[in-house]
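Geometric and topological summary
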Amino acid sequence: MHNAQRVTGPDRGSGRPGGAAPTPFVRGPFAGLDAADLRELGRLGTRRVYAPGEALMIEGEPGDRAAVLLTGCVKVVASTEDGGEALLAVRLPGELLGELAVLDGEPRSASVLAVRTSTTREIGGPAFLDFLADRPTAALAVQRSVTRKLRSATRHRVDAGHGTGLARLARTLHTLLGSYGTPVDDGLRIDIPLSHADLAALARLSAASVERSLRTLRDQGAVRTSYRELVVRDRVLLARAAGVPLPPDGGGRA
């Protein structure tokens, strides 16, 4: 896997006079940290910028650092037995990358690739572990984040492993909606740039099956699609196609 040259710049911490805390994250394990913990986190590591397609982390390498995604979008992929590549997850700003290998000392189980130009704060393994040891609130937040990721991975293996193509795609969209749904005029946009090939990899379907299933969901009025954009227009219809419980508020059209 090619790893393009990294673009790095001076580490200026929070970039605010007087050591003010950085802007709180809106997602990820550090979203609830107080100003002191955020300020300390902002002092650690180095800011790095990755071009689209560049590898932030590579499967099989030592887990020598963790990274907080500050801007952009990355995808987590792993090698398959037939030499292909499986898309495991998509991560957005605020989310933590590479922490599992730092925590257990094992080689990386997956690679992380930039989908678009992305900025990270990369923290060496020992410094990251010291930060967690000194900041119990942050340590608990990371522990909960790891647990959520493992639960999500287990759920995804179950959801993507059975049912019709339509049900499997609908369950995948339903899961993505829970983490990345952003309100727009006609519904909730899944606010990550996914191609049909990406959706096929996540749902473990062929590209042709994804095309057919999306056409069915469009015809039903559940979704609207355009280039690299997918809007869920009716959550009840999507939930029915997925075979999951209906939204607690009744869902329906936005």
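Residues numbered from 1 in each chain as written. Predicted model: local features only at pLDDT ≥ 70, side-chain atom pairs only at ≥ 80, totals over all residues. Heavy atoms only, no water.

**Here's the deal with the overall build of the protein chain**
- Per the secondary structure count, the protein chain includes eight helices and eleven strands.
- Relative to its 254 residues, the protein chain shows a buried fraction of 41%.
- Looking at the protein chain alone, contacts between residues at least 24 apart form 68% of all its contacts between residues at least 6 apart.
- Surface exposure of the protein chain reaches about 12800 Å², of which carbon and sulfur atoms provide 52%. (Helix = DSSP H or I, 4+ residues; strand = E, 2+ residues; numbered from the N terminus. Buried < 20%, exposed > 50% of the residue type's maximum accessible area, 1.4 Å probe, protein only. Contact = heavy atoms within 4.5 Å. Areas by Shrake-Rupley, 256 points an atom, 1.4 Å probe, with all protein chains shown as cover.)

**With respect to the sheet that holds strand 8 (residues 181-184)**
- Spatial strand order, 8-9-11-10: four strands in an open sheet with antiparallel pairing. Because the sheet does not close on itself, it has two edges, and the strands there are strand 8 and strand 10 (223-226). When the angles between neighbouring strand axes are averaged without regard to direction, this sheet yields 30°.
- For strand 8 and strand 9 (residues 187-190), the ladder comprises four bridges, and the chain directions are antiparallel. Directly across from glycine 181, in strand 9, lies its bridge partner isoleucine 190. (Pairing = 2+ DSSP bridges. Axes fitted to C-alpha atoms, helices over the stretch in contact; angles between N-to-C directions.)

**Focus on the packing of aromatic side chains**
- Within the structure shown, the criterion is met by one aromatic pair.
- An angle of 80° between the planes, with centres 6.4 Å apart, marks the rings of phenylalanine 30 and phenylalanine 131 as edge-to-face. Linking phenylalanine 30 in the loop between strand 1 (7-8) and helix 1 (35-43) with phenylalanine 131 in helix 3 (residues 125-134), this pair joins segments that are 101 residues apart in sequence. (Phe/Tyr/Trp six-rings, centres within 6.5 Å; stacked < 30°, edge-to-face > 60°.)

**Remarks on helix 7 (residues 207-220)**
- With 14 residues, helix 7 should reach 20 Å at 1.5 Å per residue; the first-to-last C-alpha distance of 20 Å fits that figure.
- Listed as buried for helix 7 are Ser209, Val210, Ser213, Leu214 and Leu217. End-on view of helix 7: buried residues confined to an arc of 130°, all on one side of the axis.
- Against helix 5 (165-180), helix 6 (196-203), strand 10, strand 11 (229-232) and helix 8 (235-242) lie the buried residues of helix 7.
- The first or second residue beyond helix 7 is glycine 221, which carries a positive phi of 85°. (Expected span 1.5 Å × (residues − 1). Arc of directions from axis to C-beta.)

**A short note on the environment of valine 102**
- Mapped onto the secondary structure, valine 102 falls in helix 2 (residues 99-104).
- The exposure class of valine 102 is buried, given its relative accessible area of 7%.
- With 36 residues separating them along the chain, valine 102 and alanine 66 place their C-alpha atoms 6.7 Å apart.
- Those residues within four positions of valine 102 in sequence are excluded, and the remaining contacts are Gly63, Arg65, Ala66, Gly125, Phe128 and Leu129.

**Brief notes about unusual backbone geometry**
- Despite not being glycine, arginine 204 has its phi angle at roughly 60°, a positive value.
- If you trace the backbone, arginine 204 turns up in the loop between helix 6 and helix 7.
- For arginine 204, a relative accessible area of 44% gives the class partly exposed.

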